[in-house]
Each structure stands twice: as C-alpha cells, then as structure tokens.
Amino acid sequence: MTTTNIIPHKRKEYIDLAKGICIIFVMSEHIAHNTILSSPYITSFRMPFYFFICGLFISTKYSYKHFAIKKVNALLIPFLFFSLIALFNDIILSIFNISNITISNIFKTIISPYTCINGPLWFLICLFWGYMMFYFLEKKIHKSHIRSLLIFSISIIGFYMSKFSLFGHHIILPFFFSSAMTSLIFIYLGFIFRKKLNLLDETPKDKYYFIIALSIFILTQYTMGPNYIEMIWNKYTQSYIITIISGVSGSLSIIYLCKFIKKVPIISYIGRYSLIALATHSIFIQYLKIYNTNPNITLLTLIIILCPAIYYIKKYFPKFCAQEPYFNL
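Since this is a predicted model, take the numbers as computed values, not measurements.

Procedures and definitions
- Residues numbered from 1 in each chain as written.
- Predicted model: local features only at pLDDT ≥ 70, side-chain atom pairs only at ≥ 80, totals over all residues.
- Heavy atoms only, no water.
- Helix = DSSP H or I, 4+ residues; strand = E, 2+ residues; numbered from the N terminus.
- Rg over C-alpha atoms; globule rule 2.2 N^0.38 Å.
- Buried < 20%, exposed > 50% of the residue type's maximum accessible area, 1.4 Å probe, protein only.
- Contact = heavy atoms within 4.5 Å.
- Areas by Shrake-Rupley, 256 points an atom, 1.4 Å probe, with all protein chains shown as cover.
- Lys, Arg positive; Asp, Glu negative; His and termini not counted.
- Charge placed at Lys NZ, Arg CZ, Asp CG, Glu CD.
- Core = buried A, V, L, I, M, F, W, Y, C linked by side-chain atoms within 4.5 Å.

Right, let's get into the overall build of the chain. Looking only at helices and strands, the chain has twelve helices and four strands in total. Scaling as 2.2 N^0.38, a compact globule of 329 residues should have a C-alpha radius of gyration of about 20 Å, and the chain matches this with 19 Å. Sorting the 329 residues of the chain into buried and exposed places 52% on the buried side. A fraction of 80% describes how many contacts in the chain between residues 6 or more apart in sequence connect residues 24 or more apart. Carbon and sulfur atoms provide 68% of the accessible area of the chain, an area that totals close to 15900 Å². Separation between the mean location of the 29 positive side-chain charges and that of the 10 negative ones in the chain comes to 6 Å.

Phi at F175 is positive, roughly 55°, even though this residue is not glycine. Mapped onto the elements of the fold, F175 is located in the loop between strand 2 (169–170) and helix 7 (177–197). Since its relative accessible area comes to 46%, F175 is described here as partly exposed. With phi around 75°, K262 is a residue other than glycine that occupies positive phi space.

Below, the discussion takes up the nonpolar core. In terms of nonpolar packing, the biggest core is built from 96 residues, with F51, L56, W122 and F123 touching the most fellow members. Among the elements that line this core, the one with the most residues is helix 5 (residues 122–140), at 13 residues. In contact with W122, other than residues within four places in its own chain, are M47, F51, C116, F176, S179, M231 and I232. Counting six residues, the second largest nonpolar core, distinct from the first, contains L93, I106, I117 and I283.

In structure tokens, the structure reads:
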C-alpha cells in the first residue's frame, strides 16, 4: 500500500489510481466478505498487487544502512504511530462498551507476535521483511540466475510452509515472516517487469500487454477457479504457480487499465496516500458498523471520511505517515 522510494521523474498518476482501486477492494473486504468487490476473483490478486507495485519502485542503489533507515521511516514508524492510535481507540471502545472489545483481548493482541492491534498494519511489517530480504539478495548475490533461483526457493518454501502442520497447528512464523517469504516473488517480479515492460512509462504496446494480461487472468480464473488468498495467515487455495500467475496477471491488468483512465480524483487521492487509508480505515469501520447499514453505503461513507482524514494526518503528522523522514539520512 506504500511506495516511498524517491522517484526521479514525474509522479505516475495512474499508479495512484491503481493503488486507490485496490485499497477500496481491501476496505470492502473488511466491511463485508460477500460483496462484489470482495469476491475471490478480486482476492486472488488484491494483496499480491501491493507487493508487486512496491517492487516497481524498489531501489538498491543505497547502502544497507541508508536503505534500512528509509524503510524504517516508511514502514515501521507509521506502524508504531497508527498502532498507538488504534490502541487508544480500542481502550475507548472498551470503556464505553461500544463494541465487544475487552482490555484482556487488547492485551493479548499486543503481546501476540501473530496479530496487530491495528489489523491491516500486518502488511507494513511483512513488506519490511520482504524489502530486507530482496535488498540482501540483490546486493550479495551478483549472478542474476542464482539470485532468481534463491528468490523463487524462499518464496516456494514460504508458500508451502503453511501446508504442513506441527502438533495440529499450521507452521506460520511470527511477525508475518512466512507471508514475507511468499510475497518476495511478487516484489521481485515487480522489479523485473518494470525493466522488461517499461511499466512506469506509457508505450504503444500497452494496449496489447493489457489484453494479454487480462486474458491470462480470465483464463486462469475460468479454468482453475478463483484463488482465495489470505496472505496475513499465508493461506492459499491454489497451487504456487497458479497463485503467482493470478496475482501478476491481475496486477498488470489493473495497472494497464489505469494507464488508459489516468486519474479519478477521489480514488487517486486515496491511492496516493494509501498508507494512511490502510492504517485508518479499520478504525472508522468499527464506528460505521454500529449503524449496521448496507455494505455499499458503508464503503461510500468510508471513502468520504477518508479524504479529510488523510488531509489532516499528512498535514499535522507528516513524519509519522511516511510523508517526511522521521530519522534523517
């Protein structure tokens, strides 16, 4: 949901639109599991898309220290800041009995290495691990074919790790590291596709790439069925290859579609600051669900609320939402 590397050229508005569309998919899923926007067909590429698009903008030209500090500023500082906001919110809800949240549940969530007090923020931790693994392999393994093989191997191990169980429990590493291992392939493919297909530039071939990507996605979904992905728990209903094909072809379809559309003001705005939308939407949903309205109305209300929320958060807390560095480089 966040791409904070410095881009040496004009901002790509279609990327903001693509991120905006997918964060709306995420919000819809968190509002209700049975809407059109939360169908398994969309789930099959929704989270892979974010890792893929982060791979588009990753740069390893910095030293390890510089790279690590950039990712701490972009991911871990916002994680801590928005977790504290969510913690305060949950305490308020508990005190006034607005929801079924209890102090004991809050405490269990805080100390568990498998959950977050602000649920959607698992992505930031997972992405941090993914970035660190990618950087290490890119810097230390100079032969590209060996590096590619290692990335595939790590991803496959992560993917199939949850297929096995130990003492009746699926094998899932703490702090979302299993998911980071699996997602490493999407970061890598985003990095590769940026070079091979000029994804950050508009070319005459874009319409053909769009048709190819969409055809592959539709064919995969039609022949194999939708692939329901629950990346937070590293769970997948299809094989590794089908998961990769669905994730990448779906991601490319959205990106190329947005290249043609260019910009949709509100959606593009939310996409540009998708980290803030990611970090705050679940808090707003807690209150909106009290009124038990139609999921589509709840989603529309949430989108309207997010616009001013994003504006004020980035204005008054820029260092805590990746708009300015917290630690200077």
